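Now for the letters of each chain:
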Amino acid sequence: MRSSCAEYRSATGVTAIKFMEDEFGPVATPDLAERIADNPAQMVEITALVSRSAPTLWQEWFAESGTQAVTLRRKQEFEDLLLALGAARSGVGVVLAPRAAIEDDLQRNVLAAPYGFVRRPAGYSLSCRATDAKKPAFTALRDWQLHSGAVTQ
């Protein structure tokens, strides 16, 4: 699997602790996801919901997932991911989303991920000045994020 996302490397004097994996994939209402689940080429008939903050995410997903690229004929752009997710929850189309942002929707069967998720190597990291890394407030936040994000160090 090829990734266009570079691994994060902290700068000198900065401590970075990875606390959560970065996974993303197409999600839609369960009914809509079921219509396209057997064949990604069927996405040509679905409206692709695109966040302007990540305009190349669809191309990245096709490349990183190893899925044959499809020309998405119908697109609806949104200013940010939250608005695109709201449209997906309403059945407007399919959106690429980070799993961390929609885990609750998946568990409640509001959204479904017909092709699963692609893991990116960088993940999410908590960063601070190295001199602050041992302070109680930082270690408490770090421990909570590691527990919540479930990444082992």
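Above this note sits the structure.
Worth saying up front: this structure is predicted, and the values here are computed from it rather than measured.

Procedures and definitions
- Residues numbered from 1 in each chain as written.
- Predicted model: local features only at pLDDT ≥ 70, side-chain atom pairs only at ≥ 80, totals over all residues.
- Heavy atoms only, no water.
- Helix = DSSP H or I, 4+ residues; strand = E, 2+ residues; numbered from the N terminus.
- Buried < 20%, exposed > 50% of the residue type's maximum accessible area, 1.4 Å probe, protein only.
- Areas by Shrake-Rupley, 256 points an atom, 1.4 Å probe, with all protein chains shown as cover.
- Phe/Tyr/Trp six-rings, centres within 6.5 Å; stacked < 30°, edge-to-face > 60°.
- Pairing = 2+ DSSP bridges.
- Right-handed = clockwise from strand over helix to strand, strands pointing away.
- Core = buried A, V, L, I, M, F, W, Y, C linked by side-chain atoms within 4.5 Å.
- Contact = heavy atoms within 4.5 Å.
- Arc of directions from axis to C-beta.
- Polar contact = N/O pair within 3.5 Å; in protein donor to acceptor, adjacent residues only side chain to side chain.

Scanning the protein from N- to C-terminus turns up five helices and five strands. Starting at the N terminus and ending at the C terminus, the protein contains elements arranged as β-α-β-α-β-α-β-α-β-α. A burial count over the protein gives 39% of its 153 residues as buried. Accessible area of the protein: about 8900 Å², with a carbon and sulfur share of 51%.

Tallying each qualifying case throughout the model produces four aromatic pairs. Arranged with centres 6.3 Å apart and planes meeting at 80°, the rings of Trp58 and Trp61 form a pair that is edge-to-face. Separated by three residues within a single helix, Trp58 and Trp61 lie in helix α2 (residues 57-65), roughly one turn from each other. When the ring of Trp58 is compared with that of Phe62, the centres are 6.1 Å apart and the planes differ by 40°; the resulting orientation is tilted. Note that Trp58 and Phe62 are positioned in helix α2 at a spacing of four residues, about one turn of the helix. Assigned by exposure class, Trp58 and Phe62 land together as buried. Among the aromatic residues, those joined into a ring-pair cluster are Trp58, Trp61, Phe62 and Tyr115.

Pairing of strand β2 (residues 47-51) with strand β3 (residues 74-78) involves five bridges; the strand directions are parallel. Within β3, the residue paired with Ala48 across the bridge is Lys75.

A word on the pairing of β2. Along β2, five of the five residues are buried, which leaves the element largely enclosed by surrounding structure. Because side chains alternate across β2, one face comprises the buried residues Thr47, Leu49 and Ser51, and the other comprises Ala48 and Val50, equally buried. In terms of handedness, the path from β2 via α2 over to β3 forms a crossover that is right-handed.

What follows is about the nonpolar core. One finds Phe24, Met43, Trp58, Trp61, Phe62, Leu72 and Leu96 to be the most contacted residues of the largest nonpolar core, which totals 17 residues. For this core, the secondary-structure elements that each account for two or more residues are α1 (30-36), β2, α2 and β4 (94-98). The leading source of residues in this core is α2, at four residues. The residues contacting Trp58, other than those within four sequence positions of it, are Pro26, Met43, Ala48, Leu49, Val50, Leu72, Val94, Val95 and Leu96. Counting 13 residues, the second-largest nonpolar core is a separate cluster that includes Ala84, Ala97, Leu106 and Phe117.

Turning our attention to the environment of Asn109. Of note, Asn109 is situated in the loop between α4 (99-107) and β5 (118-129). Each C-alpha atom, one on Asn109 and one on Pro30, is 7.0 Å from the other, the two residues being 79 residues apart in sequence.

With that settled, the discussion passes to helix α3 (residues 81-89). Taken as a whole, α3 has its buried residues at Ala84, Leu85, Ala87 and Ala88. Down the axis of α3, the sector holding all buried residues measures 160°, keeping them to one side. N-capping of α3 is provided by Asp80, with a side-chain oxygen placed 3.1 Å from the backbone N of Leu82. Remark: Gly91 follows α3 within two positions and exhibits a positive phi of approximately 90°.

Remember that the coordinates give geometry; whether it matters functionally is a separate question.
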